[in-house]
Amino acid sequence: MVERWEKEHEKLVVLGEKVIAEYVKGNEDQAKLYLKKFTDLAMDHLSSEDIEMFKLLRGSNLNEERLEKMIEDFQRSFKETKTTLMKFLAKYVKSGTPLDNDFFDTFQAVMDILGKRIDYEEQNLYFQLKLS
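Everything numeric here is computed off the predicted structure, so don't read it as measured data.

**Describing the overall build of the chain**
Next up, step 1: When helices and strands are counted, the chain shows 4 helices and 0 strands.
Next up, step 2: Listing the helices and strands of the chain from first to last along the sequence gives α-α-α-α.
Next up, step 3: The buried share among the 132 residues of the chain stands at 41%.
Next up, step 4: When the accessible surface of the chain is split by element, carbon and sulfur atoms take 52% of a total near 7,900 Å².

Following this line, the structure appears as C-alpha cells:
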C-alpha cells in the first residue's frame, strides 16, 4: 500500500502542475480536465489512506504510545485541511464554474500545502510502516 500511496502522491503533484500550466496558458478546458483527474485521484487516495493507514499502523511493531500519538497527529493535522480541500475541489470541478483568479491563487496554496503534507506522510508515517 505504501508504494501505491507514494506513486499517487507523485501523480497528484504532476496533475496539479498540469492544472497550473494549462491555466497560465489560458486553456481552461484542459485545466478543468486535469483538475477533474486531480480531484478523482485525491478522493480515492484520501479514502484509501483513511481506511488502510490505521490498519497498517495497528499491525506495525511500533509501541502502543508512539502508535497512538502518530494516529492522533495524522488525524488532527489534516482534518480541517482535508475538509477545505474537498469543498474547494467540489466547487471548481463543476462544469459551469469558471477557473477565476481566486481559483488560481487558492490552487497554488493547495499545492504548497499538499507538498508539505506529502513530505510529512512520507517522512513519518510511510517511513515507519516500511520499517515494520
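**Comments concerning the nonpolar core**
Next up, step 1: One finds Leu35, Phe38, Phe88, Leu89, Leu99, Phe103 and Phe107 to be the most contacted residues of the largest nonpolar core, which totals 25 residues.
Next up, step 2: Contributions of two or more residues to this core are made by α1 (2–24), α2 (28–58), α3 (64–93) and α4 (101–131).
Next up, step 3: In this structure, Met70, Phe74, Leu125 and Tyr126 belong to the second largest nonpolar core, which totals 7 residues.

**Digging into the packing of aromatic side chains**
Next up, step 1: Evaluation of the coordinates by the stated rule reveals 8 aromatic pairs.
Next up, step 2: Measuring from centroid to centroid gives 5.9 Å for tyrosine 23 and phenylalanine 103, while their planes differ by 50°, and the two rings are tilted. Within this pair, whereas tyrosine 23 is found in helix α1, its partner phenylalanine 103 is found in helix α4, the two being separated by 80 residues in sequence.
Next up, step 3: Taking relative accessible area as the criterion, phenylalanine 103 reaches 0% and is therefore assigned buried.
Next up, step 4: Aromatic side chains phenylalanine 88 and phenylalanine 103 sit 5.7 Å apart centroid to centroid with 5° between the ring planes, which places their arrangement in the stacked category. Here phenylalanine 88 is found in helix α3, whereas its partner phenylalanine 103 is found in helix α4, with 15 residues between them in sequence.

**Considering a negative patch on the surface**
Next up, step 1: Taken together, the side chains of Glu28, Asp29, Asp100, Asp102 and Asp105 present a region of like negative charge at the surface.
Next up, step 2: Put simply, the parts of the chain that give the negative patch at least two residues each are α2 and α4.

Parameters and conventions
Residues numbered from 1 in each chain as written. Predicted model: local features only at pLDDT ≥ 70, side-chain atom pairs only at ≥ 80, totals over all residues. Heavy atoms only, no water. Helix = DSSP H or I, 4+ residues; strand = E, 2+ residues; numbered from the N terminus. Buried < 20%, exposed > 50% of the residue type's maximum accessible area, 1.4 Å probe, protein only. Areas by Shrake-Rupley, 256 points an atom, 1.4 Å probe, with all protein chains shown as cover. Core = buried A, V, L, I, M, F, W, Y, C linked by side-chain atoms within 4.5 Å. Phe/Tyr/Trp six-rings, centres within 6.5 Å; stacked < 30°, edge-to-face > 60°. Patch = residues over 30% accessible without salt bridge, like charges linked within 9 Å, V, L, I, M, F, W, Y side chains within 5 Å. Salt bridge = Lys/Arg side-chain N within 4 Å of Asp/Glu carboxyl O. Lys, Arg positive; Asp, Glu negative; His and termini not counted. Charge placed at Lys NZ, Arg CZ, Asp CG, Glu CD.

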